[in-house]
Amino acid sequence: MTAKNNIIDGKAFAASLREQVGMLVPAFLEKTGRAPGLAVVLVGDDPASQVYVGSKIKMTRALGMESFEHRLPADTAQEDLNVLVEKLNADDAVDGILVQLPLPDHLDQQEVIDLIDPDKDVDGLTPTSTGRLALGIEGLVPCTPLGSLKLLKDHLGDLSGKDAVVIGRSILVGKPMAQLLLGENCTVTLAHSRTQNLPDVVRRADIVVAAVGRAEMVKGDWLKDGAVVIDVGINRLDPEPGKERGRLVGDVAFAEAAHASAITPVPGGVGPMTIACLLRNTLVAAHRRAGLPDPEGI
Ligand code: NDP
């Protein structure tokens, strides 16, 4: 059974955003004599990270942007990784730096993130980017919440005055999502594992963003009629008999959400928006670094 409500097609939206970004690349090239550049750093051989990095590089090149690939062995020393980030900071051809997370256990993730030039911080994870977002001043915003906000605004238009509940308070998704919604004048509740009576908290929301990482935790009867649901979670279920891999599901029980006014599916909802926003952030960073106004419409 599937939800009969309005499906928010993140895959189509992301394809159109990528196309718009791609169309703006030649004008940047003409003005500056170079293409926007994204450097991707991958340490180790985690299979999921390899796949993510591979598709980021492919999509960057497909839009005519420059991709700089740095694959380092799993036993890379902290000092060597730090030196590489400093080199990328100093490299004028690099507009965006993405260090693929998680890093191997022996490396200090925060130490590396802290070194990234905030003007090249296309993942929006440095303390400066986080501070700029909290202050409501120009900066680079983490890609998954930015993509989620774009889907919400496309569906709802003005978000002002809406009651929004974000479940999950990670630095990567929940906290920046709450800040972005606050910036849109929503009344925001940021829920987490210690929140009491979570179903009741969620029930009052016009907008629900679930970023927990627990398969189908948010039940249909937690959602009020007409709510708009952004399901960020990506969870793999145990394989059914005879199948090699389990199905991917979100944090929301999709089949129970027919009374919501709209919901993002998993897969095909927020996921594709993340890479599209990374490319968008790279183009925006390139414009700002070149002293050009922000590109319009993205
Ligand atoms: P984290 O594990 O960093 O954070 C999970 C959050 O959920 C925490 O704040 C935690 O609360 C909260 N939480 C855990 N259990 C409960 C519960 N029972 N009730 C309420 N809150 C709970 O995850 P991420 O934010 O990194 O990712 C969340 C999900 O989004 C994952 O499934 C991930 O795979 C997916 N994701 C998808 C992306 C995409 O591109 N679509 C990108 C990034 C993530 P507390 O802080 O109290 O521990």
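Residues numbered from 1 in each chain as written. Predicted model: local features only at pLDDT ≥ 70, side-chain atom pairs only at ≥ 80, totals over all residues. Heavy atoms only, no water.

1. Things to note about the pairing of strand 2 (residues 37-43)
On a regular strand, each side chain points to the face opposite its neighbour's, so the side chains alternate between the two faces of the sheet. Within strand 2, 7 of the 7 residues are buried, which leaves the element mostly enclosed by the surrounding structure. Both faces of strand 2 are covered, namely the face carrying G37, A39, V41 and V43 and the face carrying L38, V40 and L42. In this sheet, strand 3 (residues 66-72) lies alongside strand 2 in parallel orientation, the contact comprising 7 bridges. Opposite V41, over in strand 3, you have H70 as the bridge partner. As a crossover connection, the stretch from strand 2 through helix 2 (residues 47-62) into strand 3 is right-handed. Relative to strand 4 (residues 96-99), strand 2 is paired through 4 bridges, and the arrangement is parallel. Within the sheet, the bridge partner assigned to L38 lies in strand 4 and is G96. (Buried < 20%, exposed > 50% of the residue type's maximum accessible area, 1.4 Å probe, protein only. Helix = DSSP H or I, 4+ residues; strand = E, 2+ residues; numbered from the N terminus. Pairing = 2+ DSSP bridges. Right-handed = clockwise from strand over helix to strand, strands pointing away.)

2. A closer look at the sheet that holds strand 4
Consider a sheet: its strands pair through backbone hydrogen bonds, and that pairing is either parallel or antiparallel. What the 3 strands build is an open sheet, ordered 3-2-4; its pairing is parallel. Taken across any chain shown, the strands that pair with only one partner, and hence form the sheet edges, are strand 3 and strand 4. On average, adjacent strands in this sheet sit at an angle of 15° to one another, irrespective of strand direction. Relative to the sheet, helix 2 contacts strand 2, strand 3 and strand 4, its axis offset from that of strand 3 by approximately 160°. (Axes fitted to C-alpha atoms, helices over the stretch in contact; angles between N-to-C directions. Contact = heavy atoms within 4.5 Å.)

3. Overview of the environment of A93
Topologically, A93 is positioned in the loop between helix 3 (78-90) and strand 4. The exposure class assigned to A93 is partly exposed, which follows from its relative accessible area of 28%. A sequence separation of 34 residues divides A93 from P127, and the C-alpha atoms of the two residues are 24 Å apart.

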